[in-house]
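# Examining the three-dimensional arrangement
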Number of protein chains: 2
Amino acid sequence: MSAVPGGPLPAALAGDADDPGRSRRARAWLSRAFEPGTAEVVRWVEQQGPVAAVRALLRGSAPPRVLALAGSRLAEDRTADDLAAAARIGARLVTPEDEEWPTVALHCLTLAAAGGDQGGDRTTALVPPLALWVRGRPRLDHATVRSVAVVGSRASTAYGNHVAADLAAGLADRGWSTVSGGALGIDAAAHRGALAAGGTTVAVLACGVDRVYPRQHEALFAAVLAEGLLVSEWPPGCASLGHRFLVRNRLIAALTAGTVVVEAAARSGAQATAHRARGLGKVVMAVPGPVTSAMSVGCHQLLRADDGVQLVSSAAEVLEAVGELGVDLADPPARPDDVRDDLPDVARRVLDACPVRVGVPPERLAAIAGCAELDALRVLPVLELHGLVERTGTGWRVARGRSPGVHAR
Amino acid sequence: MSAVPGGPLPAALAGDADDPGRSRRARAWLSRAFEPGTAEVVRWVEQQGPVAAVRALLRGSAPPRVLALAGSRLAEDRTADDLAAAARIGARLVTPEDEEWPTVALHCLTLAAAGGDQGGDRTTALVPPLALWVRGRPRLDHATVRSVAVVGSRASTAYGNHVAADLAAGLADRGWSTVSGGALGIDAAAHRGALAAGGTTVAVLACGVDRVYPRQHEALFAAVLAEGLLVSEWPPGCASLGHRFLVRNRLIAALTAGTVVVEAAARSGAQATAHRARGLGKVVMAVPGPVTSAMSVGCHQLLRADDGVQLVSSAAEVLEAVGELGVDLADPPARPDDVRDDLPDVARRVLDACPVRVGVPPERLAAIAGCAELDALRVLPVLELHGLVERTGTGWRVARGRSPGVHAR
């Protein structure tokens, strides 16, 4: 389907002005037209709104620089194909207009992009995505609201794999999800560790969510989809090009409360990743290892650089670094006569699964707590009666009245 | 030999008033009479001078607290025996009146002791020694002027032993000596690493320098004596009592430019050692290890405590932390047309062996450089001609005029 200026109405612009699908289609079109990471494009699109932006681009009335960045992609309209391809594999396009858009997490990128010129290197720029292709059941905001990035070398050691899996499992045990890049090595170990502990994990890819890269990860990606999400800025069918990994990395940092580098070689991308995460106001952590291991040199370099990178050796220490004060402390002091102590096991697990801020639906709580949804539905009213949880528009969360620390995880 | 008040003149006070041996004998007596680590005793002795202090103690005119601290030891005078025992094994008593007393290094303890009450716990007090029993050839000040403490657990792992030996060897390669406690585990590995690289090493003991504790270290102590020193605050024959190890630890920190903790278990003495070294204004460093190793937990706790403990993974990084700025940087930039580049190998090694501050005699330079003393004597005038070294009262050192960095180690 072609959509040269003056041609037939493109799929991206079909429908009434008040059709909410129209802005989604416009963002699908934009997601195909532009490589992510250019602040200029994103600022202009968000000023115009997506539909007006697409119209201006097709009419040739967009700013010349923006027109030039789309280039020959202006001539094609694969919107309907891309959305159909996504639908076929159970994926969806999530846009800033959607309720599940991770607005709070991505605010750091919006701020950074508004801050003006970042030197023109798209691979290091801090720019929010125009839209995200998401595959999997959980809501994107729910899956990332309490999440940590666990990343590292593809050429990891058995030690690194063990630690990455252990950290992710420990995070899952405490109701936190693990975000990583779906790559070989540390990324894969982190995803697997989260899954093994029954937790949620999110793989942010540098290719379409219909692609499996690396090929060896067919089973891993299927397992991630069973409990978590595959996320990408690129439409279905797009390949993992080298520069896309670098552009993608900012999203992993932005979506999470902090980034843990588990293993990294000397002068690897770890420094750049850490620097960007710090630039976004996120906590950056590194796991030490044997000084005799080449794969720990990058971590030690980060820790020696003394720009606030924190040494962590356990999930508890990770949550101490990123957690809300008093809520996720590594070792909350014991509290006598807590009503929680008398709760039945399932009720306690469901309570521990409740997030502090954004309420989540019972089926999600059941998944985190490791019980049947029916069990969760049965105990939630009891917990509410005790004043331990409360209902919000999006589901259940820890009751605001509870003093911090009582909700020990 | 007894010396009750009013009895015959004790050996400690024999000799003319202007006999320099008299103050040495007085300090030998004091070294037997008092357990080290009490600021009150040391302040009083240094105010009186050692001979007057002994006289006041024997007359009973010393302050009651000081008399009480000596207790029944007042009744014995083993000075002559102790000095004879030391002489038999080639040991000597080094006192603040001697040229080889490490005045600069121990100044931090003098300052701390002058700072007043330290809470009364002798095992953690920062108090200078009254005298030091020293066994071995090098001068104590020369052997410690460019030294680092490498310490850690007795129950070390193969990894820890490897790293300790490697650090000590790397320090030796750069002309720095390694100070440790002569214990099993990390201490032994550090001493051995220094010796294997032909370097100087100093074992600061919690027993007399005639004793071998632990017994397994008979060969190690003999090897240390061939190149370095055994040092103790306690007279010959004294046993390693538990509290003496803790009192001894402050000396290891004080004598060195910095302390590296290689392996330590959780809640081990490493924290206390590090805290005291910091209190003395010394650099404290820790080597990371696998987060899965119980023997690295104490190091990681130190590094996480964020009170200035530095992560180090190599001798170069240790010297970067403790070294004089611009002189011992880990990777000094290459300098073209340096006259050093044209030096014959032996001359270069002798130059590298020269200290920056206190000049050392040619035989010591030869030992560090790994050449015959005759070779050192042959090349030193050439180096002086090039303006690279200069002669001082105590021997040879790097010429002051040389810009920092040229003397790359």
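Residues numbered from 1 in each chain as written. Chains lettered and ligands numbered in written order. Predicted model: local features only at pLDDT ≥ 70, side-chain atom pairs only at ≥ 80, totals over all residues. Heavy atoms only, no water.

### What to know about the interface of chain A and chain B
Counting residues at the interface gives 17 residues for chain A and 17 residues for chain B. In terms of surface lost to chain B, no three residues of chain A exceed A:Val291, A:Arg304 and A:Leu311, which account for 45% of the buried area on that side. Connecting chain A to chain B are 4 salt bridges. B:Arg304 is the salt-bridge partner of A:Glu317, the closest N and O atoms lying 3.4 Å from each other. On inspection of chain A and its partner chain B, the count reaches 6 residue pairs in polar contact (both at pLDDT 80 or more). Of all the secondary structure elements, the ones that give two or more residues to the side of chain A that touches chain B are helix H8 (158-173), helix H13 (297-304) and helix H14 (315-322) of chain A. Residues of the side of chain A that touches chain B, tallied by class, amount to 9 nonpolar, 5 polar and 3 charged. (Contact = heavy atoms within 4.5 Å. Buried area = accessible area lost by both parts, 1.4 Å probe. Salt bridge = Lys/Arg side-chain N within 4 Å of Asp/Glu carboxyl O. Polar contact = N/O pair within 3.5 Å; in protein donor to acceptor, adjacent residues only side chain to side chain. Helix = DSSP H or I, 4+ residues; strand = E, 2+ residues; numbered from the N terminus. Nonpolar A, V, L, I, M, F, W, Y, C, P; charged D, E, K, R; others polar.)

### A look at the packing of aromatic side chains
Think of a pair of aromatic rings as described by two things: how far the centres are apart, and how the planes are tilted against each other in angle. Residues and elements named next belong to chain A. Taken as a whole, this structure holds 2 aromatic pairs over all chains when the rule is applied. A ring pair is formed by Tyr 213 and Phe 245, whose centres lie 6.1 Å apart and whose planes are at 50 degrees; its orientation type is tilted. Taken together, the residues Tyr 213 in the loop between strand E5 (201-205) and helix H10 (218-227) and Phe 245 in helix H11 (residues 242-255) connect sequence positions 32 residues apart. Overall, the relative accessible area of 25% leaves Phe 245 in the partly exposed class. (Phe/Tyr/Trp six-rings, centres within 6.5 Å; stacked < 30°, edge-to-face > 60°. Buried < 20%, exposed > 50% of the residue type's maximum accessible area, 1.4 Å probe, protein only.)

### Comments concerning the confidence of the model for chain A
Should pLDDT be low for a region, the predicted coordinates there are not to be read in detail. Residues and elements named next belong to chain A. Averaged over every residue, the pLDDT of chain A is 87; residues scoring 70 or more account for 89%. Across residues 1-6, where pLDDT falls below 50, the model places 11 contacts with residues more than four positions away in sequence or in other chains. Below pLDDT 50 for its whole length, residues 403-409 participates in 26 contacts with residues either more than four positions away or in separate chains. (pLDDT = per-residue confidence, 0-100.)

### Things to note about the relation of the copies chain A and chain B
Mapping chain A onto chain B is achieved by rotating through 180 degrees and translating by 0.1 Å along the same axis, at an RMSD of 0.1 Å. The operation mapping one copy onto its partner corresponds to a two-fold rotation axis. Looking at the rotation axis and the C-alpha trace of chain A, the residue lying nearest is A:Gly289, at 2.3 Å. In this assembly, 100% of the residues forming the interface of chain A have copies in chain B that are likewise at the interface, indicating an isologous arrangement. (Least-squares fit on C-alpha atoms with pLDDT ≥ 70 in both.)

### Focus: the packing of helix H8 (residues 158-173) of chain B against helix H9 (residues 186-196) of chain B
When two helices pack together, you describe them by how their axes are tilted relative to each other and by the distance separating the axes. All names here are of chain B. It is the contact of H8 with H9, at a shortest axis distance of 7 Å, that shows an interaxial angle of 35 degrees. Between H8 and H9 the crossing geometry is right-handed. For the pair H8 and H9, contact is made by Gly 160, Asn 161, Ala 164, Ala 165, Ala 168, Ala 169 and Ala 172 and by Ile 186, Ala 189, Ala 190, Gly 193 and Ala 194, respectively. Taken together, the residues that form the contact of H8 with H9 break down as 9 nonpolar, 3 polar and no charged. (Axes fitted to C-alpha atoms, helices over the stretch in contact; angles between N-to-C directions. Left-handed = near helix turned anticlockwise from the far one by under 90°.)

### Topic: the pairing of strand E6 (residues 229-232) of chain A
One face of the sheet, then the other: side chains in a regular strand alternate in exactly this way. Here E6(A) shows no split at all, with A:Leu229 and A:Val231 on one side and A:Leu230 and A:Ser232 on the other all buried. What joins E5(A) to E6(A) is H10(A), and the crossover it makes is right-handed. (Right-handed = clockwise from strand over helix to strand, strands pointing away.)

### Structural notes on the side chain of B:Thr178
Along the polypeptide, B:Thr178 turns up in strand E4 (residues 177-180). Apart from residues no more than four positions distant in its own chain, B:Thr178 is found in contact with B:Val148, B:Val150, B:Ala168, B:Leu171, B:Ala190, B:Ala194, B:Thr200, B:Thr201 and B:Val202.

### Comments concerning the environment of B:Leu351
Within the fold, B:Leu351 resides in helix H15 (residues 345-353). Sequence-wise, B:Leu351 and B:Ala376 are 25 residues apart; in three dimensions their C-alpha atoms are separated by 9.4 Å.

### Thoughts on the sheet that holds strand E5 (residues 201-205) of chain B
Residues and elements named next belong to chain B. Judged by pairing direction, the sheet is mixed, and its 9 strands sit side by side in the order E1-E2-E6-E5-E4-E3-E7-E8-E9 without closing on themselves. Two strands lie at the open edges of the sheet, namely strand E1 (91-94) and strand E9 (310-311), each paired on one side alone. Relative to strand E7 (residues 258-261), strand E3 (residues 147-151) runs parallel, the two being bridged by 3 bridges. Looking across to E7, one finds that Val 150 is bridged to Val 260. Together, E3, E4 and E7 form the strand contacts of H8, whose direction differs from that of E3 by roughly 175 degrees. H9 rests against E3, E4 and E5 of the sheet, and its axis sits at about 155 degrees to E5. (Pairing = 2+ DSSP bridges.)

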